[in-house]
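# Structure at a glance
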Amino acid sequence: MKANEKSLIIATLRKEILSGKYLAAANPFPSERGLARRFGVKRSVVAQALQNLSAKGYLVRRRGKGTFLTKSAQRNGGPIGLIVPGVAYSDFFSALVSGVSRCAQKAERTLLFGDISAKDAKSRVDQAKRFAETIVREGVSGVIYQPLEFVMDTEACNREILSVFADAQVP
């Protein structure tokens, strides 16, 4: 067995897991035999690669049942939501968004970022809440949320938006 074959399989499957490819019921995790055909390697090479991914917490293997994503991998496989209403009125937040975007790209993660830039406070609150609901429907694995500022009843507005994530159990 060549170590680079196994490493390629591990890297490819890890990238696919993190991209969310296997989250949909239409894309169950492939069998050892199917992966061996796909990568053109012996089944034992695939078994070792899957064991490595299991040891790293991405997969759980059940004898006679198949291979499944762990709960952690399911949560980490979705995109990351980014809600930063401050982009509209501060240079600091533009730098923050750029930095988060670079980190997401480096980690091969999808970043969902919406335009929360209305001039009036009420519209900004509405935009943030609608975007929060949208990214929850998109299956985000987590969200980075910069609380709203300069709006009436700031605390209540932020609690309302955060409840969207809490209700969906999105960290």
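Residues numbered from 1 in each chain as written. Predicted model: local features only at pLDDT ≥ 70, side-chain atom pairs only at ≥ 80, totals over all residues. Heavy atoms only, no water.

### Observations concerning the nonpolar core
One broad trend across soluble globular proteins is that nonpolar side chains are buried collectively. Within the largest apolar cluster, 19 residues are counted, with the highest numbers of intra-cluster contacts made by Leu13, Ile17, Phe29 and Leu59. Every element with two or more residues in this core is listed here: helix H1 (3–19), helix H2 (32–39) and helix H3 (43–55). Residues in contact with Phe29, not counting those within four places in the same chain, are Leu13, Ile17, Tyr22, Leu35, Leu50, Leu59, Thr67 and Leu69. (Core = buried A, V, L, I, M, F, W, Y, C linked by side-chain atoms within 4.5 Å. Buried < 20%, exposed > 50% of the residue type's maximum accessible area, 1.4 Å probe, protein only. Helix = DSSP H or I, 4+ residues; strand = E, 2+ residues; numbered from the N terminus. Contact = heavy atoms within 4.5 Å.)

### Observations regarding the confidence of the model for the protein chain
Of the residues in the protein chain, 89% reach a pLDDT of 70 or more, and the chain-wide mean stands at 84. When the elements of the protein chain are averaged for pLDDT, helix H4 (residues 71–77) gives the smallest value, 67, and H2 the largest, 95. (pLDDT = per-residue confidence, 0-100.)

### Description of the pairing of strand S3 (residues 80–83)
What you see with S3 is no split at all: Ile80 and Leu82 on one side and Gly81 and Ile83 on the other are buried throughout. Note: S3 against strand S4 (residues 111–113), three bridges, orientation parallel. By the bridge assignment, Ile80 is partnered in S4 with Leu111. Sheet topology places S3 next to strand S5 (residues 142–145); four bridges connect them, and they run parallel. Each residue of the ladder has a partner; that of Ile83, found in S5, is Tyr145. (Pairing = 2+ DSSP bridges.)

### A look at the pairing of strand S1 (residues 59–62)
Here S1 runs beside strand S2 (residues 66–69); their pairing, made up of four bridges, is antiparallel. By the bridge assignment for S2, Val60 is matched with Phe68. Taken together, S1 and the strand that follows it, S2, pair antiparallel across an intervening segment of three residues, in which Gly64 is found at a positive phi of about 80°.

### Some points on the environment of Ser163
Here Ser163 lies in helix H7 (residues 154–167). When its relative accessible area of 29% is taken as the criterion, Ser163 is described as partly exposed. Put simply, Ser163 and Lys129 are 34 residues apart on the chain and 9.9 Å apart in space, counted from C-alpha to C-alpha.

### Considering the layout of surface pockets
Taken as a whole, the largest pocket encloses approximately 210 Å³ of empty space. The wall of the largest pocket is formed by Pro30, Ser31, Glu32, Arg33, Arg43, Arg61, Arg62, Arg63, Gly64, Lys65, Gly66 and Thr67. Among the secondary structure elements, those contributing two or more residues to the lining of the largest pocket are H2, S1 and S2. Taken together, the residues of the lining of the largest pocket break down into one nonpolar, four polar and seven charged. (1 Å grid on protein atoms, 1.4 Å probe; cavity = no way out; pocket = protein on both sides within 12 Å on 5 of 7 lines; lining within 4 Å. Points joined across faces, edges and corners; volume = space filled by probe spheres on them. Nonpolar A, V, L, I, M, F, W, Y, C, P; charged D, E, K, R; others polar.)

### Concerning the environment of Ala104
Tracing the backbone shows Ala104 in helix H5 (residues 91–106). Ala104 gets classed as buried once you look at its relative accessible area, which sits at 8%. Expressed as a C-alpha distance, the spacing of Ala104 and Pro79, which sit 25 residues apart in the sequence, is 9.3 Å. When near neighbours in sequence (up to four residues on either side) are disregarded, Ala104 contacts Arg109 and Leu111.

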